[in-house]
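Architecture and fold: a report
So you can see what is in the structure, the chains are spelled out below.
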Amino acid sequence: MASILKVNELKDAGGNAIITSNGSGAVTYSGVDLNGTELVLDADADTSITADTDDQIDIRLGGVDEITMSSSGIVINEGSNDRDFRIESNGNTHMLFVDGGNDHVSIGATTLESGDVLGVNDSGANSTIARFTNTNADEHGVKIIMQK
(Lines give C-alpha, C1' and ligand atoms only; values in the text may rest on other atoms or scores of the structure.)
Protein backbone atom coordinates (compact mmCIF):
# COMPACT_ATOMS: atom_id res chain seq x y z
CA MET A 1 0.00 0.00 0.00
CA ALA A 2 1.35 3.46 -0.96
CA SER A 3 1.72 6.24 1.59
CA ILE A 4 0.34 9.73 1.03
CA LEU A 5 1.87 12.77 2.71
CA LYS A 6 -0.25 15.91 2.92
CA VAL A 7 1.60 19.18 3.62
CA ASN A 8 0.22 22.72 3.91
CA GLU A 9 3.66 24.31 3.92
CA LEU A 10 7.24 23.37 3.06
CA LYS A 11 10.01 25.49 4.62
CA ASP A 12 13.70 25.88 3.87
CA ALA A 13 16.43 25.46 6.51
CA GLY A 14 15.98 29.11 7.58
CA GLY A 15 12.27 28.65 8.27
CA ASN A 16 11.13 30.54 5.17
CA ALA A 17 8.12 29.11 3.35
CA ILE A 18 9.03 27.64 -0.04
CA ILE A 19 5.68 26.10 -0.95
CA THR A 20 2.32 26.82 0.70
CA SER A 21 -1.19 25.61 -0.11
CA ASN A 22 -4.55 26.98 0.95
CA GLY A 23 -6.13 23.54 0.65
CA SER A 24 -8.40 24.46 -2.27
CA GLY A 25 -5.91 24.17 -5.13
CA ALA A 26 -4.11 27.52 -4.96
CA VAL A 27 -0.39 27.04 -4.38
CA THR A 28 2.27 29.68 -3.70
CA TYR A 29 5.89 28.92 -4.61
CA SER A 30 8.33 31.29 -2.85
CA GLY A 31 5.98 34.25 -3.31
CA VAL A 32 4.80 33.39 -6.84
CA ASP A 33 1.06 32.71 -6.92
CA LEU A 34 -0.02 29.95 -9.33
CA ASN A 35 -3.74 29.28 -9.22
CA GLY A 36 -4.20 27.87 -12.71
CA THR A 37 -5.03 31.09 -14.53
CA GLU A 38 -2.63 33.76 -13.25
CA LEU A 39 1.07 34.08 -12.53
CA VAL A 40 1.40 37.01 -10.11
CA LEU A 41 4.78 38.72 -10.43
CA ASP A 42 4.82 41.36 -7.69
CA ALA A 43 3.84 41.93 -4.05
CA ASP A 44 0.69 43.99 -4.67
CA ALA A 45 -0.61 41.46 -7.26
CA ASP A 46 -1.20 44.04 -10.02
CA THR A 47 1.51 42.75 -12.36
CA SER A 48 0.85 39.30 -13.79
CA ILE A 49 0.52 36.98 -16.73
CA THR A 50 -2.98 35.58 -17.08
CA ALA A 51 -4.59 32.88 -19.14
CA ASP A 52 -8.16 33.39 -17.94
CA THR A 53 -9.64 33.39 -21.45
CA ASP A 54 -9.41 30.36 -23.75
CA ASP A 55 -6.57 30.64 -26.29
CA GLN A 56 -5.43 34.02 -24.93
CA ILE A 57 -2.57 35.26 -22.75
CA ASP A 58 -2.60 38.73 -21.18
CA ILE A 59 0.39 40.52 -19.69
CA ARG A 60 -0.83 42.92 -17.03
CA LEU A 61 1.29 45.77 -15.61
CA GLY A 62 -0.03 47.92 -12.78
CA GLY A 63 -3.45 46.28 -13.10
CA VAL A 64 -3.80 47.11 -16.82
CA ASP A 65 -3.68 44.59 -19.67
CA GLU A 66 -0.76 45.90 -21.76
CA ILE A 67 -0.17 42.98 -24.15
CA THR A 68 -2.77 40.48 -25.36
CA MET A 69 -1.77 37.43 -27.36
CA SER A 70 -4.50 35.26 -28.85
CA SER A 71 -5.17 32.99 -31.78
CA SER A 72 -6.30 36.06 -33.76
CA GLY A 73 -3.15 38.17 -33.17
CA ILE A 74 -1.04 40.21 -30.78
CA VAL A 75 -2.23 43.58 -29.49
CA ILE A 76 -0.05 46.04 -27.59
CA ASN A 77 -1.77 48.82 -25.61
CA GLU A 78 -5.35 47.78 -26.39
CA GLY A 79 -6.50 49.95 -23.50
CA SER A 80 -5.32 53.09 -25.36
CA ASN A 81 -3.04 54.16 -22.52
CA ASP A 82 -0.24 56.69 -22.91
CA ARG A 83 2.36 53.96 -23.50
CA ASP A 84 5.29 54.09 -25.88
CA PHE A 85 6.54 51.10 -27.87
CA ARG A 86 10.14 50.91 -29.04
CA ILE A 87 12.19 48.43 -31.06
CA GLU A 88 15.97 48.76 -31.08
CA SER A 89 18.29 47.76 -33.90
CA ASN A 90 22.00 47.12 -33.56
CA GLY A 91 22.87 50.81 -33.90
CA ASN A 92 19.64 52.70 -33.18
CA THR A 93 17.69 52.75 -29.91
CA HIS A 94 14.58 54.04 -31.73
CA MET A 95 14.62 52.06 -34.99
CA LEU A 96 10.83 51.80 -34.69
CA PHE A 97 9.10 54.01 -32.15
CA VAL A 98 5.38 54.39 -31.44
CA ASP A 99 4.61 57.43 -29.30
CA GLY A 100 1.41 56.33 -27.55
CA GLY A 101 0.54 59.73 -26.09
CA ASN A 102 1.02 61.67 -29.32
CA ASP A 103 -0.30 59.08 -31.82
CA HIS A 104 2.97 59.15 -33.77
CA VAL A 105 5.13 56.49 -35.41
CA SER A 106 8.80 57.18 -36.07
CA ILE A 107 11.41 55.18 -37.91
CA GLY A 108 14.94 55.99 -36.86
CA ALA A 109 14.13 58.56 -34.15
CA THR A 110 11.71 59.67 -31.46
CA THR A 111 8.81 61.95 -32.43
CA LEU A 112 10.23 64.28 -35.10
CA GLU A 113 7.55 66.94 -35.47
CA SER A 114 4.55 67.54 -33.26
CA GLY A 115 1.35 66.67 -35.11
CA ASP A 116 2.97 64.33 -37.64
CA VAL A 117 1.58 60.81 -37.82
CA LEU A 118 4.71 59.27 -39.40
CA GLY A 119 8.32 60.39 -39.36
CA VAL A 120 11.40 58.81 -40.96
CA ASN A 121 14.86 59.97 -39.91
CA ASP A 122 18.45 59.09 -40.81
CA SER A 123 21.66 61.02 -40.20
CA GLY A 124 23.98 59.08 -42.51
CA ALA A 125 25.84 60.94 -45.25
CA ASN A 126 24.42 60.16 -48.71
CA SER A 127 22.00 57.57 -47.32
CA THR A 128 18.70 56.45 -48.79
CA ILE A 129 15.90 57.21 -46.35
CA ALA A 130 13.19 55.21 -48.09
CA ARG A 131 13.00 52.88 -51.07
CA PHE A 132 9.80 51.72 -52.73
CA THR A 133 10.18 48.75 -55.07
CA ASN A 134 7.74 47.02 -57.38
CA THR A 135 9.00 43.61 -58.54
CA ASN A 136 6.14 42.99 -60.98
CA ALA A 137 7.50 41.96 -64.41
CA ASP A 138 5.21 44.30 -66.36
CA GLU A 139 5.99 47.87 -67.46
CA HIS A 140 4.27 49.51 -64.48
CA GLY A 141 6.43 51.10 -61.81
CA VAL A 142 5.77 51.92 -58.18
CA LYS A 143 2.75 54.03 -57.41
CA ILE A 144 2.81 56.47 -54.53
CA ILE A 145 -0.46 58.24 -53.93
CA MET A 146 -0.77 61.48 -51.98
CA GLN A 147 -4.39 62.42 -51.63
CA LYS A 148 -6.46 65.04 -49.91
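Relevant structure appears above.
The sections below set out a description of the structure shown in this document.

We now examine the side chain of Ser-106. By the element assignment, Ser-106 lies in strand S12 (residues 104-107). Overall, the relative accessible area of 0% leaves Ser-106 in the buried class. A polar contact is formed between the side chain of Ser-106 and the side chain of His-104, at a distance of 2.7 Å. Discounting chain neighbours no more than four positions away, the residues touching Ser-106 are Met-95, Leu-96, Phe-97, Thr-111, Leu-112 and Gly-119.

Unfilled space is identified by rolling a water-sized probe across the atoms. If you add up the space inside the largest pocket, you get close to 200 Å³. Surrounding the largest pocket, 13 residues form its lining, Ile-76, Asn-77, Arg-83, Asp-84 and Phe-85 being those nearest its centre.

Here the focus is the side chain of Thr-68. If you trace the backbone, Thr-68 turns up in strand S8 (residues 64-70). Within the structure, the side chain of Thr-68 is placed 3.0 Å from the side chain of Asp-58, a separation counted as a polar contact. In contact with Thr-68, other than residues within four places in its own chain, are Gln-56, Ile-57, Asp-58, Gly-73, Ile-74, Val-75 and Glu-78.

Before going further, it helps to spend a moment on the sheet that holds strand S11 (residues 96-99). The pairing of strands in a sheet comes from backbone hydrogen bonds and takes either a parallel or an antiparallel form. Taken in spatial order, the four strands make up an open sheet running S10-S11-S12-S13, and their pairing is mixed. The sheet is open, and its two edges are formed by strand S10 (85-87) and strand S13 (118-120), each paired on a single side. Neighbouring strand axes in the sheet, compared pairwise and without regard to direction, differ in orientation by 10 degrees on average. In this sheet, S12 lies alongside S11 in antiparallel orientation, the contact comprising four bridges. Along S12, the bridge assignment pairs Val-98 with Val-105.

The rules we used
Numbering of residues starts from 1 in every chain and runs along the sequence as written. This being a predicted model, a pLDDT of at least 70 is required before a residue's local features are given, and a value of 80 or more before pairs of side-chain atoms are given or counted; all residues contribute to the totals for chains, interfaces and linings. Hydrogens and waters are ignored; side-chain quantities use all the structure's heavy atoms. Labels follow the DSSP assignment, with helices taken as runs of H or I lasting at least four residues and strands as runs of E lasting at least two, numbered in each case from the N terminus. Three labels apply to residues, based on accessible area from a 1.4 Å probe with only protein chains included: buried if under 20% of the type maximum, exposed if over 50%, partly exposed otherwise in between. Within 3.5 Å is the distance limit for a polar contact, defined as a pair of N or O atoms, with the added protein rule that one can donate a hydrogen and the other accept it, and that residues adjacent in sequence qualify only through two side-chain atoms. Working rule for contacts: check all heavy atoms of both residues, and any pair within 4.5 Å makes them a contact. Lining residues are defined by having an atom within 4 Å of a point belonging to a cavity or pocket. Those points lie on a 1 Å grid over the protein atoms alone, cavities being sets where a 1.4 Å probe fits but cannot get out and pockets being open sets with protein on both sides within 12 Å along at least five of seven lines. Grid points are joined across faces, edges and corners, and a volume is the space filled by probe spheres set on the points. A pair of strands counts as paired when DSSP detects no fewer than two bridges linking them. To obtain an axis, a line is fitted to C-alpha atoms, over the contacting stretch when the element is a helix, and the angle between two such axes runs from 0 to 180 degrees between their N-to-C directions.

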